[in-house]
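Spelled out from the first residue to the last, the chains are:
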Amino acid sequence: MKQSAKQDEYDLAYHIRPPKGLLNDPNGLIQYKGVYHVFYQWNQQDTTHQTKSWGHVSSKDLIHWETHPPALEPVDWFDRNGCYSGSAVEADGKLYLFYTGNVRGEDGSRTSYQCMAVSEDGVHFEKKGPLFEQPPGYTGHVRDPKVWQDAEGIWWMILGAQREDLSGDCIVYHSQNLIDWDYDGPLIVERPKLGYMWECPDLCLFAEKDIFVFSPQGMDVLGDEFQNFYQTGYITGQFKANGKFEWDKESVFKELDRGFEFYAPQTFIDDTGRRILLGWLGVMDPAVEAAVPTRKDGWLHALTFPREIIMEEGRLKQRPVKEIAQMRKPVSIASQSSTTQTIVLPSLQSELQIQWKEAAEEMKLEIRKAVQIAYSSADQRLIVSRTNWLSKEIEERAVHLQNGLHSLQLLIESSLLELFINDGEEVFSLRYFVEDENEKNIKWAETAIDSRETTLYQLDL
Ligand code: FRU
């Protein structure tokens, strides 16, 4: 999003980025009085993970964003080392934010306060301070309140937590009035043992089945999976009226996004009933983070484009919100007459859609000499690779496509890519940094040449 006066080569037009400083998790996602609000973890001072405030932008269409003053600043005794992640709800016409106040002791200890702030205009917030003391059995790592109201009017809050035995967990509270909260214990009775801390929990309640989304830290690599610095994924089950998530134990923890740095997503339901998700594209090894080229321009990281998430025939699907259509300007491309083809991107904000009539056999796509997408029907594996900007080595992420490859939808920005596969069955998102900013080619090689439809759009704001 163009917030900086001077445009830099890695600037983003339709993805939210900080004007300066470091952005991490999306926070407080809500449509309030018709307007979409996105808050985000923001270090305004520099591109390190210090003193987080809540940055704030709003939009009528999820495309054009207006910048507001920071909604929360870490200036009080209960949040002096950071206004950490949280969520938003509307009640009695007011906008309520729930967040974690992070307080560090001189001895390095950590205390977390679950706090509330209220606004009548969606721009100015009054802090109300901590709501309750945390339950016994947990370390100082209890954070990221996600609050919602059920059909009976009960407010629920789930929190990411670490048990004293240093395992990840999620705990639950409920309230009648958003002020007084009763503790209900852990969300899952026999929870999966994944990592030493669970961050940013979220529950997505669908008619068919529910999913519990969370970001565990400390998982081991398992084949193509869990290769990122920290993970984000979900398990399926059902959220019950007693505040427990009955986990469908056959369902394994599945990554939400197969790319390189997706983390800490949050969802909300808008006025049309859609569940929309935004995630942070920035979780990475600190050395790799320190080498991200945008730091020279004084900013770091971005959010994904808003995705609608749906449950369709038992499968979770993610698709860019339909508002993307208002940016599309069709660009004609020559039909492919040999097994290789070069498409020149009309702009660094583009979208490419490929639809196979049957299914792809062998194909390879190279984007701006920086990112490769390869698929072979022989092993049904789709591989996305890029050059790591620190090690200069090729790194890859891959997924097995059980039913083959039928469609690709690529959202392209100057330094960010989102790839939606098979109508949103799998998603890869990533940052990439080109050697030559004038390189605008997509090179494509495929064994079968006339079994598909290709559409190219320039995306104009
Ligand atoms: C996830 C996270 C949250 C925390 C926030 C602090 O990226 O670590 O758990 O609230 O970032 O910025």
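All of these numbers come straight from a predicted model, not from anything done at the bench.

Rules and cut-offs
Residues numbered from 1 in each chain as written. Predicted model: local features only at pLDDT ≥ 70, side-chain atom pairs only at ≥ 80, totals over all residues. Heavy atoms only, no water. Pairing = 2+ DSSP bridges. Helix = DSSP H or I, 4+ residues; strand = E, 2+ residues; numbered from the N terminus. UniProt positions renumbered as here; feature names shortened; annotations may be inferred. Near = heavy atom within 4 Å. Polar contact = N/O pair within 3.5 Å; in protein donor to acceptor, adjacent residues only side chain to side chain. Areas by Shrake-Rupley, 256 points an atom, 1.4 Å probe, with all protein chains shown as cover. Nonpolar A, V, L, I, M, F, W, Y, C, P; charged D, E, K, R; others polar. Domains from an automatic or database assignment. Contact = heavy atoms within 4.5 Å. Buried area = accessible area lost by both parts, 1.4 Å probe. Salt bridge = Lys/Arg side-chain N within 4 Å of Asp/Glu carboxyl O. Buried < 20%, exposed > 50% of the residue type's maximum accessible area, 1.4 Å probe, protein only.

This part is about the sheet that holds strand S20 (residues 299-300). Across the sheet, five strands lie side by side as S4-S3-S2-S1-S20; this open sheet has mixed pairing. A single partner strand is all that each edge strand has here, and the edge strands are strand S4 (66-72) and S20. Sheet topology places strand S2 (residues 35-43) next to strand S3 (residues 53-59); seven bridges connect them, and they run antiparallel. Residue pairing in the sheet places Trp-42 in a bridge with Ser-53 of S3.

UniProt records the feature "domain: Glycosyl hydrolase family 32 N-terminal" (unreviewed entry) for residues 15-320 in the present numbering. The span residues 15-320 shows a helical share of 2% and a strand share of 53%, and its end C-alpha atoms are spaced 12 Å apart.

Turning our eyes to something else, we now look at the UniProt feature "domain: Glycosyl hydrolase family 32 C-terminal" (unreviewed entry) in the protein. Those residues carrying the UniProt feature "domain: Glycosyl hydrolase family 32 C-terminal" (unreviewed entry) are residues 337-445 in this numbering. Counting secondary structure, residues 337-445 comes out at 0% helix and 56% strand; the distance between its end C-alpha atoms is 11 Å.

The next point concerns the site of the ligand. By nearness alone, every residue bordering the ligand is listed as Asn-24, Asp-25, Gln-41, Lys-52, Tyr-84, Ser-85, Arg-143, Asp-144, Glu-199, Tyr-263 and Trp-280. Take Asp-25: an N or O atom from its side chain is 2.7 Å from an oxygen atom of the ligand. Measuring from an oxygen atom of the ligand, one finds a side-chain N or O atom of Asp-144 at 2.5 Å. Protein chains bury 91% of the 320 Å² of accessible surface belonging to the ligand in isolation. Taken together, the elements giving at least two residues each to the shell around the ligand come down to strand S1 (21-32), strand S5 (83-91) and strand S9 (138-149). Per-class residue counts for the shell around the ligand are three nonpolar, three polar and five charged.

Turning to the domain arrangement of the protein, a few remarks are in order. Domain boundaries in the protein define domain 1 (21-320) and domain 2 (322-459). Listed by partner, the interface residues are 38 residues for domain 1 and 33 residues for domain 2. Approximately 3100 Å² of surface area, both sides summed, lies buried where domain 1 meets domain 2, with 54% of it carried by carbon and sulfur atoms. The largest contributions to the domain 1 side of the interface with domain 2 come from Arg-258, Phe-260 and Pro-320, which together make up 25% of the buried area. At the junction of domain 1 with domain 2, the criterion picks out eight salt bridges. A salt bridge links Glu-426 to Lys-254; its shortest N-O distance comes to 3.5 Å. Put simply, domain 1 and domain 2 have 17 residue pairs in polar contact (both at pLDDT 80 or more) between them. Elements supplying a minimum of two residues to the side of domain 1 that touches domain 2: helix H1 (286-290), strand S21 (302-303) and strand S23 (315-320). No other element matches the six residues that S23 contributes to the side of domain 1 that touches domain 2. The residue inventory of the side of domain 1 that touches domain 2, partitioned by class, reads 19 nonpolar, eight polar and 11 charged.

Working note: non-glycine residues mostly have negative phi, and peptide bonds are mostly trans. We note that Leu-166 has phi near 65°; this positive angle belongs to a residue other than glycine. Along the chain, the position of Leu-166 falls in the loop between strand S10 (155-163) and strand S11 (168-175). For Leu-166, a relative accessible area of 52% gives the class exposed. Located in the positive-phi region is Phe-226, a residue other than glycine, with phi close to 60°. Tracing the backbone through its elements, the reader meets Phe-226 in the loop between strand S14 (210-217) and strand S15 (233-239).

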